[in-house]
Amino acid sequence: MRIACPYCGERSLDEYLYSGDATVRRPDFASPTAQADFVKYVYERKNSPGQHRELWYHAAGCHAWLVVTRDVSTHIITAVEPAKDVALGTASSMKDTA
Amino acid sequence: MADSTLQPTSAFSHLEPTSLPGIAIEPRENFTMASFAAGKGRLEALAAAIREAYGVELPRRPQRVVGNGIVFVWLGPDQWLAIAERTNNRDLEVELKQRVAGLASVVDQSDGRVIVRVSGPLAREVLAKGVPIDLHADTFGVNAVAITHASHIGVIMWQVDAAPTFELAMFRSYADSFAHWLLEAVASTVPAAA
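For clarity, every value in this text was computed on a predicted model and none was experimentally measured.

Asks: Lay out the packing of aromatic side chains in plain terms, naming residues and giving numbers.
Replies: In this description, an aromatic ring pair is defined by two values, namely the gap between the centres and the angle between the planes. Here the structure, examined in full by the defined rule, presents ten aromatic pairs over all chains. Plain terms: the ring middles of phenylalanine 38 of chain A and tyrosine 41 of chain A are 5.9 Å apart, the flat faces sit at 90° to each other, and that makes the pair edge-to-face. Of this pair, phenylalanine 38 of chain A and tyrosine 41 of chain A both sit in helix H1 (residues 34-43), three residues apart, which is roughly one turn of that helix. Between the aromatic rings of tyrosine 54 of chain B and phenylalanine 72 of chain B, the centroid separation amounts to 5.6 Å while the plane-to-plane angle is 55°, which identifies the pairing as tilted. Note that tyrosine 54 of chain B is positioned in helix H1 (residues 43-54) and phenylalanine 72 of chain B in strand E5 (residues 70-74), a separation of 18 residues in sequence. Residue classification places phenylalanine 72 of chain B among the buried positions, given a relative accessible area of 0%.

Asks: Tell me what's going on with the sheet that holds strand E3 (residues 31-38) of chain B, and back it up with residues and numbers.
Replies: Residue and element names in this part refer to chain B. Here we have five strands laid out as an open sheet, ordered E4-E5-E6-E3-E7, and antiparallel in their pairing. Strands with a single pairing partner mark the edges of an open sheet, and in this sheet they are strand E4 (64-67) and strand E7 (104-108). Neighbour-to-neighbour, the strand axes of the sheet open up by a mean angle of 25°, direction not taken into account. Across the sheet, H1 touches E3, E4, E5, strand E6 (79-85) and E7, and the angle it forms with E3 is around 150°. Set on the sheet, helix H2 (residues 92-99) makes contact with E3, E5, E6 and E7; between it and E3 the angle comes to about 35°.

Asks: An account of the sheet that holds strand E6 (residues 77-82) of chain A is needed here, citing residue identities and associated values.
Replies: Residues and elements named next belong to chain A. Strand order in the open sheet formed by four strands is E3-E4-E5-E6, with antiparallel pairing between adjacent strands. The open sheet terminates on both sides in strands that have one partner only, identified here as strand E3 (17-21) and E6. Going across the sheet, the axis of each strand differs from the next one's by a mean of 30°, ignoring polarity. Note: strand E5 (residues 65-71) against E6, five bridges, orientation antiparallel. By the bridge assignment, threonine 69 is partnered in E6 with alanine 79.

Asks: Before we move on, can you summarise a nonpolar patch on the surface with the specific residues and values?
Replies: Residues and elements named next belong to chain A. Taken together, the side chains of Val39, Val42 and Tyr43 make up a nonpolar region of the molecular surface, amounting to roughly 320 Å² of accessible area. On the secondary structure map, valine 39 appears in helix H1. Given the relative accessible area of 38%, valine 39 is considered partly exposed.

Asks: Describe the interface of chain B and chain A, and please don't skip the residues or the numbers.
Replies: Taken together, the contact between chain B and chain A spans twelve residues of the former and ten residues of the latter. If you sort the residues of chain B by the area they bury against chain A, Pro77, Ile147 and His149 of chain B come out on top, with a joint share of 48%. Connecting chain B to chain A are one salt bridge. Here lysine 84 of chain A ties to aspartate 78 of chain B by a salt bridge, and the two come within 3.5 Å at their closest N and O atoms. In the side of chain B that touches chain A, the residues fall into eight nonpolar, three polar and one charged.

Asks: Describe H2 of chain B, with residues and values.
Replies: Residue and element names in this part refer to chain B. The set of residues buried in H2 consists of Leu92, Glu95 and Leu96. What you see down the axis of H2 is that its buried residues fit within an arc of 90°, all on one side. Elements in contact with the buried residues of H2: E3, H1, E5, E6 and E7. Taking the backbone nitrogen of glutamate 93 as reference, a side-chain oxygen 3.0 Å away marks aspartate 91 as the first, capping residue of H2.

Asks: So what about the pattern of salt bridges? Which residues, and what values?
Replies: Residue and element names in this part refer to chain A. In the structure shown here, the tally under the stated rule is twelve salt bridges over all chains. For arginine 70, the salt bridge goes to glutamate 54, with nearest N and O atoms at 2.8 Å. Highlighted residues: arginine 70 in strand E5 and glutamate 54 in strand E4 (residues 51-57), separated in sequence by 16 residues. Owing to a relative accessible area of 2%, glutamate 54 belongs among the buried residues under this scheme.

Asks: Describe the side chain of glutamine 159 of chain B, naming the residues involved and giving the relevant values.
Replies: All names here are of chain B. In this structure, glutamine 159 sits in strand E10 (residues 153-161). Under the relative-accessibility criterion, glutamine 159 is labelled buried at 2%. A distance of 3.0 Å separates a polar atom in the side chain of glutamine 159 from the backbone oxygen of aspartate 161. Setting aside residues no more than four positions away along its own chain, glutamine 159 makes contact with Arg64, Arg124, Phe140, Gly141, Val142, Asn143, Ala144, Pro164, Thr165 and Phe166.

Criteria and thresholds
- Residues numbered from 1 in each chain as written.
- Chains lettered and ligands numbered in written order.
- Predicted model: local features only at pLDDT ≥ 70, side-chain atom pairs only at ≥ 80, totals over all residues.
- Heavy atoms only, no water.
- Phe/Tyr/Trp six-rings, centres within 6.5 Å; stacked < 30°, edge-to-face > 60°.
- Helix = DSSP H or I, 4+ residues; strand = E, 2+ residues; numbered from the N terminus.
- Buried < 20%, exposed > 50% of the residue type's maximum accessible area, 1.4 Å probe, protein only.
- Pairing = 2+ DSSP bridges.
- Axes fitted to C-alpha atoms, helices over the stretch in contact; angles between N-to-C directions.
- Contact = heavy atoms within 4.5 Å.
- Patch = residues over 30% accessible without salt bridge, like charges linked within 9 Å, V, L, I, M, F, W, Y side chains within 5 Å.
- Areas by Shrake-Rupley, 256 points an atom, 1.4 Å probe, with all protein chains shown as cover.
- Salt bridge = Lys/Arg side-chain N within 4 Å of Asp/Glu carboxyl O.
- Buried area = accessible area lost by both parts, 1.4 Å probe.
- Nonpolar A, V, L, I, M, F, W, Y, C, P; charged D, E, K, R; others polar.
- Arc of directions from axis to C-beta.
- Polar contact = N/O pair within 3.5 Å; in protein donor to acceptor, adjacent residues only side chain to side chain.

What follows is the structure in structure tokens.
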């Protein structure tokens, strides 16, 4: 599998680290329901086939955090965006749906 | 107590400047190097400060530019490496901290990383034995920069001229491992080296 870093270009998998689901958000630890929220956050994952949004880190390259949209059944990657842009809501995939 | 002067020692214990048909290898010594990263929301102000001080535009993609004897190498989003000869005790950490005060974090890298220069018509073929990216001149040309690995050693590499001349920077403690790989790669490419 190769991932096209938006900064460096297409690079082999060995330059990247997979860092989990990009759609979950860390719960508020001060919330009264924090314990249940964290159990859900840490353990309860659907692991469904099809498209996932994943966090990848370009560890042996430019050190950018990326959000990769990948079909886990086919490994077909349809989008790679800087995680910073996704977090700030300025990624191109977000503009399309805005 | 007698006065003593500290003399820098090469990190390469076995790598001498080498010239063979088609390829030359030379460890670069006596340079000053600093990395700097734009502060939050300070990117444009930093670019303007560098433009004013050195007359160059900081590259926003994997490229290098040269201004006032300093090579600026793209080092990732909003980060750069600055390299210059250490003539007249030039110290880029001190110099840049003055030029970009409040705009960027500047960290000295002079003793942290080493640089090897590899040049000649066979340079691409030799480097391609360990670097997992496309080094063809159409893809990786003069001033191109890549952050990747060579023989599993993390490197920052760039092309200086069309000879072609490449420079590769890596952490100092990897210098001997890298040199060992490089000489093996040369030996299996250049008949005269075997």
